[in-house]
Amino acid sequence: MSPFHAAIFGFDETGQETLRFLYEYGQFIYPDEMGENNFTCDVFDANLDKLKGRFITQYPRLGQSDSGIVWHNSDNRSMDFWERLRANIDSLNYVVLAMGDDEKDMTLAVDIFNMAQRYRKDELNHFGIFVRSYDLANEQRLEEIASIHANRGKKVIYVFGKMSDLYTRNRICDDKLENAAALFSYVYGNIENSDDNTIEISNETIQKAKDVWYERHNASRGSYDKYLDVLRSESQDLSNAYHIYTKMKMVGYDELRDTVLETSGSSYVSLKRYKNLPFVANLARLEHKRWCASHYAMGYMPMTEEQYQKNSSTCDVIHKTHRCLVSWDKLNDFKEAPYQYYDELVVTTSFGLFYNKEIDDVYRNI
């Protein structure tokens, strides 16, 4: 298993959102001998000094030296840029190009593709180049160039942010990710309180989950504090829904999904079926790492014991501090709630929803 290494070229709004996304979803559990810090993201932009200040002020953890983020005030016109790219090309997993110009982005994508083919020891395995599309008129040509630069028929260059993808029924009218998040939140909140840790999933359940989601959101609008906390909670519901596939991929269960759904898919989600699986503990650790990273990417910082005693609350949405921004083992020191169990519950809920026939469409291709 190798560390996670990404690079972002261009640090405008897209680059900044990409960094926050990669910081959250680039967290994995590694063997003890590999240590704690296995996330690296190189950020390149010739105007970085002008762009970085506001970003670090909003998200202070991402500016710390041990965050894994390496800042480079240069672009592809400098020798330093190409020397660093050549030195790291073998370890890179994700390359994101968002320099604001379709021509520059795709030209650089092709150059990086050629460099990767020439120098990567693992060829193009576990490697992808993501090019932001800015102009609707260029979309077809960008896709054609991307399709040509494939590796044995497998895509390496991906075009994202296309206008033709943004304005679709699925995104505007049928927000599948939000529906999936609402259902995850509903099941997570209700399954533990059921008599046998089991909850039936039906069309009525899915509709009820949506109703609860919107009721909670709308009810919070009368209080700024509550509204911020609901937005924070919703962000975790969205992440939990989006992260299901990652958890399944980590244990190789994603490849069994269609078979399981065909032969034994159930209209029930049951904790008993999954909570004793041997790898639940490691996936719970992974979930906690993702949760911490997501809060750091929202601008949160750890809450001191003094702050906790003063506020009597684990989360301060105004000052953006949270008591649980600590290591997994440290969670057991907090006696007010079973925080490790909450992470385990996210994992078992993920398994239950992933292998459920009735909601297959909700969680497919979100």
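Residues numbered from 1 in each chain as written. Predicted model: local features only at pLDDT ≥ 70, side-chain atom pairs only at ≥ 80, totals over all residues. Heavy atoms only, no water.

Peer 1: Help me understand the pattern of salt bridges in this model?
Peer 2: Opposite charge on two side chains makes pairing possible when the charged atoms of those side chains draw close. In total, this model carries 16 salt bridges according to the counting rule given. Residues Arg323 and Glu305 are paired through a salt bridge, measuring 2.8 Å at the closest nitrogen-oxygen approach. Of this pair, Arg323 sits in the loop between β13 (321–322) and α15 (339–354) while Glu305 sits in helix α14 (residues 305–311); the two residues are 18 residues apart in sequence, bridging distant segments of the chain. Of the residues examined, Arg323 reaches a relative accessible area of 7% and is grouped as buried. Using a relative accessible area of 40% as the deciding quantity, one classes Glu305 as partly exposed. Asp333 serves as the salt-bridge partner of Lys330, at 3.5 Å between the closest nitrogen and oxygen. A relative accessible area of 47% places Asp333 in the partly exposed class. Through salt bridges with shared partners, a single ionic network connects Glu24, Lys247, Glu287 and Arg290. (Salt bridge = Lys/Arg side-chain N within 4 Å of Asp/Glu carboxyl O. Helix = DSSP H or I, 4+ residues; strand = E, 2+ residues; numbered from the N terminus. Buried < 20%, exposed > 50% of the residue type's maximum accessible area, 1.4 Å probe, protein only.)

Peer 1: Would you mind showing me how to read the pairing of strand β2 (residues 39–44) here?
Peer 2: Within a regular strand, side chains alternate between the sheet's two faces. Within β2, five of the six residues are buried, leaving the element largely enclosed by the surrounding structure. This β-α-β element, strand β1 (residues 4–9) to helix α1 (residues 13–25) to β2, shows right-handed connectivity. Note that β2 and strand β3 (residues 69–72) share four bridges and pair parallel. Residue pairing across strands places Val43 opposite Trp71, the latter belonging to β3. At this point the chain moves from β2, through helix α2 (residues 48–58), to the parallel β3, and the crossover so formed is right-handed. (Right-handed = clockwise from strand over helix to strand, strands pointing away. Pairing = 2+ DSSP bridges.)

Peer 1: Would you mind showing me how to read the packing of aromatic side chains here?
Peer 2: In this description, an aromatic ring pair is defined by two values, namely the gap between the centres and the angle between the planes. All chains considered together, the criterion is met by 20 aromatic pairs. Look at Phe4 and Phe39: their rings are 5.8 Å apart centre to centre, the planes differ by 10°, and that puts the pair in the stacked class. Pair noted here: Phe4 is in strand β1 and Phe39 is in strand β2, with a separation of 35 residues, a long-range link. Considered together, Phe4 and Phe39 belong to a single accessibility category, that of buried residues. Judged by centre distance (6.3 Å) and plane angle (70°), the rings of Phe55 and Trp71 are edge-to-face. With Phe55 in helix α2 and Trp71 in strand β3, the pair connects residues that are 16 residues apart, well separated along the chain. Exposure class is identical for Phe55 and Trp71. Each is buried. By way of ring pairs, the aromatic residues Phe4, Tyr23, Phe28, Phe39, Tyr94, Phe130 and Tyr158 are connected into one cluster. Its end group placed over the ring of Tyr119, Arg86 keeps NZ or CZ at 3.6 Å from the ring centre. One residue, Arg323, lies across the ring of Phe334, its end atom 3.8 Å from the ring centre. (Phe/Tyr/Trp six-rings, centres within 6.5 Å; stacked < 30°, edge-to-face > 60°. Lys NZ or Arg CZ within 6 Å of the ring centre and 35° of its normal.)

Peer 1: How do you make sense of the sheet that holds strand β8 (residues 157–160) when you look at a structure like this?
Peer 2: The strands that make up a sheet are held in pairs by hydrogen bonds between backbone atoms, and each pair lies either parallel or antiparallel. In space, the six strands of this open sheet follow the order β3-β2-β1-β4-β5-β8, with parallel pairing throughout. Here the strands that pair on one side only, and so sit at the sheet edges, are β3 and β8. Averaged over all pairs of adjacent strands, the angle between their axes in this sheet comes to 15°, without regard to strand direction. Judged from the four bridges that link them, strand β4 (residues 94–97) and strand β5 (residues 128–132) form a sheet pairing that is parallel. Paired with Val95 across the bridge in β5 is Ile129. Sitting on the sheet, α1 touches β1, β2, β3, β4, β5 and β8, and the angle it makes with β1 is about 170°. Against the sheet, helix α4 (residues 102–119) touches β1, β4, β5 and β8, its axis set at about 170° to β5. (Axes fitted to C-alpha atoms, helices over the stretch in contact; angles between N-to-C directions. Contact = heavy atoms within 4.5 Å.)

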